[in-house]
2 protein chains.
Amino acid sequence: MNIKNYIQENETRFLDELFSLLRIPSISSESEHKGDMVRCAERWKELIMAAGADKCEVYPTDGNPIVVGQKTVDPNAKTVLVYGHYDVMPVDPLELWNTEPFEPVIKDGKIWARGADDDKGQSFMHAKAFEYMVKSGNLKCNVKFMLEGEEEIGSTQLYSFCEQHKDLLKCDVILVSDTGMIASDTPSITAGLRGLCNMIVKVTGPNRDLHSGIFGGAVANPINVLCDLISGLINDKGEVTIPGFYDDVVVLSKEERDLIAQAPFDEEEYKKSLDVKALYGEDGYSTIERTGIRPNLGVCGIEGGYTGEGFKTVLPATASANISMRLVANQDSHKIAELFQKHFEKIAPDYVKVEVISAHGGEAYRCGVDVPAYQAAEKAYMDVYGKRPIPTYSGGSIPIVAHFEKVLGVKSILCGFGLAEDNIHSPNENYKLDHFRKGIEVITHFYEHFSNDLA
Amino acid sequence: MNIKNYIQENETRFLDELFSLLRIPSISSESEHKGDMVRCAERWKELIMAAGADKCEVYPTDGNPIVVGQKTVDPNAKTVLVYGHYDVMPVDPLELWNTEPFEPVIKDGKIWARGADDDKGQSFMHAKAFEYMVKSGNLKCNVKFMLEGEEEIGSTQLYSFCEQHKDLLKCDVILVSDTGMIASDTPSITAGLRGLCNMIVKVTGPNRDLHSGIFGGAVANPINVLCDLISGLINDKGEVTIPGFYDDVVVLSKEERDLIAQAPFDEEEYKKSLDVKALYGEDGYSTIERTGIRPNLGVCGIEGGYTGEGFKTVLPATASANISMRLVANQDSHKIAELFQKHFEKIAPDYVKVEVISAHGGEAYRCGVDVPAYQAAEKAYMDVYGKRPIPTYSGGSIPIVAHFEKVLGVKSILCGFGLAEDNIHSPNENYKLDHFRKGIEVITHFYEHFSNDLA
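Please read these numbers as outputs of a predicted model, since none were measured by experiment.

Draft legend 1. A look at the overall build of chain A. Counting secondary structure elements, chain A contains 13 helices and 18 strands. Taking 23 Å as the expected radius of gyration for a compact globule of 455 residues, we find that chain A reaches 25 Å, a close match to that expectation. Dimensions of chain A along its principal axes, counting C-alpha atoms only, are 85 × 50 × 45 Å. Of all 455 residues assigned to chain A, the portion counted as buried reaches 54%. Across chain A, contacts joining residues at least 24 apart in sequence account for 79% of those joining residues at least 6 apart.

See below:
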């Protein structure tokens, strides 16, 4: 029985099983759901075992449990590790939902529920693709599953869990379906994720707030100085001026940039949706490249002086800003933080003091289109969609993926099937049944190509 | 009897009378003191009449009453108008006072009470100088008194009162003792006050807060743009770059700048008191000049994005700032507001929208050292202190003084006798008895020189 038929024949059961996961309100950010997290992990264990695993354990952590299951077909064969998460985002504001968030409904060809896409629906496709491979006797590689319950709150436990369980998680490639694709008729694979380097800067002038009349003009105003410093961080080509900032940036080949350029993009539509007259970014790069393969620097927050009701004529003692840099491969977030701090302290004039604090960072991730597992995924998409998937580079960050590569030494294939209209993290989250089905298909074809190509 | 002896002989009565004013808690910003405002105005009327006025009226207004009294010695003689205010600042925090704020005490050669300096003590010197001039038969000019009860809350009623009572207030010069002098042994006259032009600017980028990963690098960040715009408002010489900004600025003569330079000023002490390593201001001017005779621009408040606990990676939709310009004679606050708005809108790039709102303004005031009444005052100080007073230029703003000139067409002589250590607006306000006595002396000498010089 081919996979299409298998899905058709078993779809009612598939959905019943998925719904049993979706009905558990596993909101990781709300402590009253601690019990639901455990229930959800246990339910996953049952489903993985039922799908054909040899064993599966629920590992307690200092946070929510991590589920790891596996099926070994041949100790010498290659191993695929599937990563997903069973925790979901909160559901407020409830009144904006058309259906109950934790009572899944099928309507208009979509599954409606919190987690329908992110990430219960998407990770469950892997369980069913695995089931088919086992039942059909086609599975030629070993498979592991790892489901965590803290993705939406920063995967706090998973970093150390990976370090402590390198043998358990040993694999040749990681499959992740927790991203999106360009459109239903435009398949894509996420080939890169940006990293992150957040800095907090504080400029201090006089030792107290001063009367802006008595002192204004003779004593440097920390807000003006902060504006000067921030303004100087980007030049008139839209480039970050921190010395060494671009040194480690991976430069993509012409072929890779050509592939990126194939993505449909309507600049007028984009501007209209944001209500801006013009776009702004680094010279020499397209909008898609600016958010995907190029780093940038932006201020996420700024404050200083008085901004309440009325107008207070004060020369404030301090001003501060939260500055975030999105990084790309192979920039190192710690090195960038150091370069930033050194530069910011250097450009600060002597009439103020500056304090620079490194707030948080995460590494960028890149899966070159020449990686064999990526190419196996490409073939799988072509089998199902009849066209080559476009590599996309997400501007956002999923730092755990870079951590997988660092600790486990393997690439992740980010084969997500979500759409922008799926309302993840928002009311009325949904996931197209058609994507659910095609996703399962693509994954089974991946197993085939991955095993064959490596054989 | 000369003035020194007159003061000595009558000092107990002088202080009793002053204390009767100080005991009235005439706090204009606290509505429960409405009755005290009226009581204080009425007490002033009694004191002015007792000092020798022909008539005195308490004029009701939509706010607190205004007291106007006068003595006409000769309808053809020149007229001096004394301006002061009988309202005081609040007294919180009460626990920091060493004595009761509204129960005046003489201790260590000082009068301790709210209003002892600002402005009951200082304006009362004028009543006693006037009394002496009348009683001694030396008064050669007409004298008017005007006391308002809203100086500490922006003189809201006085602007229109002046416009509506031009004849009543007709005079040749206005005397005001509501400022300070450099030191007890360094007399000074305030020869200028800066004006004010406050602007609120708002920069809007996209129509909503965006994910800084998904959009960062392709869509302009309004905070970065605001920083660029603010940074561009001042050049590397510390000059404001708004075209036309300096066009109307009065350039002081070498003689005037030389006089200003005579003021004692210890830059190291100044920096130490502010805890700054270096000062910053417009090239080519001293610190005293930068705050006194030169305009400047500073940001009083800025906000945008997220600055709460933690770090939120957002590309915010908007950012805004409160920008204040201190002006000098003869800059017009309305014209400067227009120049600012035009310039700010012009330099804003097309990838953002900017909104510029004029918040509040007030005109600068200048009394040249060549004004005859100023020179009469100089002589009066020389009679009492044995040295020429230094002209000082206050960085702060007292917009009503510019309004007097505009509406009544006369200069004000700002002959204040307060010291920085008098704690005006703070707990333990005080006023030196020695300054109280010398102030009365100076004022009587002013009357003499003013009448003689004009005769």
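Draft legend 2. Broad picture of the interface of chain B and chain A. If you look at the interface, chain B gives 64 residues, while chain A gives 64 residues. Those elements that provide at least two residues to the side of chain B that touches chain A are strand S9 (195–204), helix H5 (212–215), helix H6 (222–231), helix H9 (287–292), strand S11 (296–305), strand S12 (314–315), strand S13 (318–327) and strand S14 (353–362) of chain B. For the side of chain B that touches chain A, the element with the highest residue contribution is S11 of chain B, accounting for nine residues. Split into classes, the residues belonging to the side of chain B that touches chain A amount to 26 nonpolar, 27 polar and 11 charged. With five bridges joining them, strand S11 (residues 296–305) of chain A and S11 of chain B adopt antiparallel strand pairing. Note that in S11 of chain B the partner of glycine 304 of chain A across the bridge is isoleucine 302 of chain B.

Draft legend 3. Structural view of the domain arrangement of chain A. All names here are of chain A. Taken domain by domain, chain A holds domain 1 (3–193 + 364–454) and domain 2 (198–249 + 295–359). Here the C-alpha centroids of domain 1 and domain 2 sit 40 Å apart. Contacts between domain 1 and domain 2 engage five residues on the former and five residues on the latter. Taken together, the residues of the side of domain 1 that touches domain 2 break down into two nonpolar, two polar and one charged.

Draft legend 4. Broad picture of the pairing of S11 of chain A. Residue and element names in this part refer to chain A. Within S11, 10 of the 10 residues are buried, which leaves it mostly tucked inside the rest of the structure. Strand direction decides the pairing type here: S11 and strand S13 (residues 318–327), joined by eight bridges, are antiparallel. From the neighbouring strand, leucine 297 faces S13, where its bridge partner is methionine 325.

Draft legend 5. Representation of unusual backbone geometry in the model. Residue and element names in this part refer to chain B. That bond from aspartate 92 to proline 93 is cis: its omega, -5°, falls within 30 degrees of zero. Structurally, proline 93 is set in the loop between strand S3 (79–85) and strand S4 (105–107). Residues aspartate 118 and aspartate 119 are joined by a peptide bond in cis, for which omega reads 5°. With respect to the secondary-structure elements, aspartate 119 resides in the loop between strand S5 (110–112) and helix H3 (120–135). For aspartate 275, which is not a glycine, the phi torsion comes out positive at approximately 60°. Aspartate 275 sits in the partly exposed class, given 13 other C-beta atoms within 10 Å.

Draft legend 6. Local environment of the packing of helix H1 (residues 3–22) of chain B against H3 of chain B. All names here are of chain B. The interhelical angle for the contact between H1 and H3, taken along N-to-C directions, is 135°, at an axis separation of 10 Å. The orientation of H1 with respect to H3, classified from their angle, is oblique. Remark: the crossing between H1 and H3 carries right-handed chirality. Residues Ile3, Tyr6, Phe14, Leu18, Leu21 and Leu22 of H1 pack against Lys120, Gly121, Phe124, Lys128 and Tyr132 of H3.

Draft legend 7. Looking closely at the packing of helix H6 (residues 222–231) of chain A against H6 of chain B. The contact between H6 of chain A and H6 of chain B brings their axes to 8 Å, and the two run at 115°. Our classification of the angle between H6 of chain A and H6 of chain B gives roughly perpendicular. When you trace H6 of chain A past H6 of chain B, the crossing you get is left-handed. When H6 of chain A is examined against H6 of chain B, the residues Asn224, Cys227, Asp228, Ile230 and Ser231 of chain A are found in contact with a partner set consisting of Asn224, Cys227, Asp228, Ile230 and Ser231 of chain B.

Draft legend 8. Representation of the relation of the copies chain B and chain A in the model. In the superposition of chain B on chain A (RMSD 0.3 Å, axial shift 0.3 Å), the rotation amounts to 180°. Both copies are brought into coincidence by an operation consistent with a two-fold rotation axis. Mapped onto chain A, 100% of the interface residues of chain B are again interface residues, and the two copies thus contact each other with one and the same surface.

Draft legend 9. Focus on the nonpolar core. In terms of nonpolar packing, the biggest core is built from 252 residues, with Ala377 and Ile413 of chain A together with Ala377 and Ile413 of chain B touching the most fellow members. Those residues in contact with alanine 377 of chain B that lie beyond four places of it in its chain are Ile189, Ile413, Cys415 and Phe446 of chain B.

Draft legend 10. Up close: helix H12 (residues 399–408) of chain A. Every buried residue of H12 of chain A is accounted for by Pro399, Ile400, Val401, Ala402 and Phe404 of chain A. Residue glycine 409 of chain A follows H12 of chain A closely and has a positive phi angle near 70°.

Draft legend 11. Highlighting the sheet that holds strand S4 (residues 105–107) of chain A. All names here are of chain A. What the three strands build is an open sheet, ordered S4-S5-S18; its pairing is antiparallel. At either end of the open sheet lies a strand with only one pairing partner, and these are S4 and strand S18 (430–432). Neighbour-to-neighbour, the strand axes of the sheet open up by a mean angle of 25°, direction not taken into account. Across three bridges, the pairing between strand S5 (residues 110–112) and S18 is antiparallel. Residue pairing across strands places isoleucine 111 opposite tyrosine 431, the latter belonging to S18.

Draft legend 12. How the structure looks around the environment of arginine 437 of chain A. Residue and element names in this part refer to chain A. Examined against the element boundaries, arginine 437 turns out to sit in helix H13 (residues 433–454). Overall, arginine 437 belongs to the buried group, with 20 C-beta atoms counted inside 10 Å. Through-space distance from the C-alpha of arginine 437 to that of glutamate 11 is 8.9 Å; in sequence the pair is 426 residues apart.

Draft legend 13. Focus on the sheet that holds S13 of chain B. Ordered by their spatial adjacency, eight strands build an open sheet running S14(A)-S9(A)-S13(A)-S11(A)-S11(B)-S13(B)-S9(B)-S14(B), and the pairing between neighbours is antiparallel. Whereas interior strands pair on both sides, the edge strands pair on one side only; in this sheet they are strand S14 (353–362) of chain A together with S14 of chain B. Sheet twist, expressed as the mean angle between neighbouring strand axes with direction ignored, is 20°. With respect to the sheet, helix H10 (residues 333–347) of chain B is in contact with S9, S13 and S14 of chain B, its orientation differing from that of S14 of chain B by roughly 165°.

Draft legend 14. Looking closely at helix H10 (residues 333–347) of chain A. All names here are of chain A. Between the first and last C-alpha of H10 there are 21 Å, a value that for 15 residues agrees with the 21 Å anticipated at 1.5 Å per step. For H10, the set of buried residues is Ser333, Ile336, Ala337, Leu339, Phe340, His343 and Phe344. Projected down its long axis, H10 shows its buried positions confined to an angular sector of 165°, all on one face. Exposed and facing more than 90 degrees away from the buried side of H10 are His334 and Lys346. As for H10, its buried residues are in contact with strand S9 (195–204), H6, S13 and S14.

Draft legend 15. Here's a closer look at the environment of valine 73 of chain A. Residues and elements named next belong to chain A. Its location among the elements puts valine 73 in the loop between strand S2 (66–71) and strand S3 (79–85). Along the primary structure valine 73 and aspartate 54 are separated by 19 residues, whereas in three dimensions their C-alpha atoms are 9.6 Å apart. Excluding its chain neighbours within four sequence positions, the residues that come into contact with valine 73 are Leu139, Lys140, Cys141 and Asn142.

Draft legend 16. Geometry of the confidence of the model for chain A. Looking at chain A, pLDDT values average 96 and 100% of them are 70 or higher. In the predicted complex, the global pTM is 0.90; the interface-specific ipTM is 0.91.

Draft legend 17. Examining the environment of phenylalanine 14 of chain A more closely. All names here are of chain A. Of note, phenylalanine 14 is situated in helix H1 (residues 3–22). Phenylalanine 14 gets classed as buried once you count the C-beta atoms within 10 Å, which come to 20. Sequence spacing of phenylalanine 14 and serine 273 is 259 residues, and the spatial spacing of their C-alpha atoms is 37 Å.

Rules used throughout
Residues numbered from 1 in each chain as written. Chains lettered and ligands numbered in written order. Predicted model: local features only at pLDDT ≥ 70, side-chain atom pairs only at ≥ 80, totals over all residues. Helix = DSSP H or I, 4+ residues; strand = E, 2+ residues; numbered from the N terminus. Rg over C-alpha atoms; globule rule 2.2 N^0.38 Å. Buried ≥ 20, exposed ≤ 12 C-beta atoms within 10 Å, placed from the backbone. Contact = placed C-beta atoms within 7 Å. Nonpolar A, V, L, I, M, F, W, Y, C, P; charged D, E, K, R; others polar. Pairing = 2+ DSSP bridges. Domains from an automatic or database assignment. Axes fitted to C-alpha atoms, helices over the stretch in contact; angles between N-to-C directions. Parallel < 35°, antiparallel > 145°, perpendicular 65-115°, else oblique. Left-handed = near helix turned anticlockwise from the far one by under 90°. Least-squares fit on C-alpha atoms with pLDDT ≥ 70 in both. Core = buried A, V, L, I, M, F, W, Y, C linked by C-beta atoms within 7 Å. Expected span 1.5 Å × (residues − 1). Arc of directions from axis to C-beta. pLDDT = per-residue confidence, 0-100.

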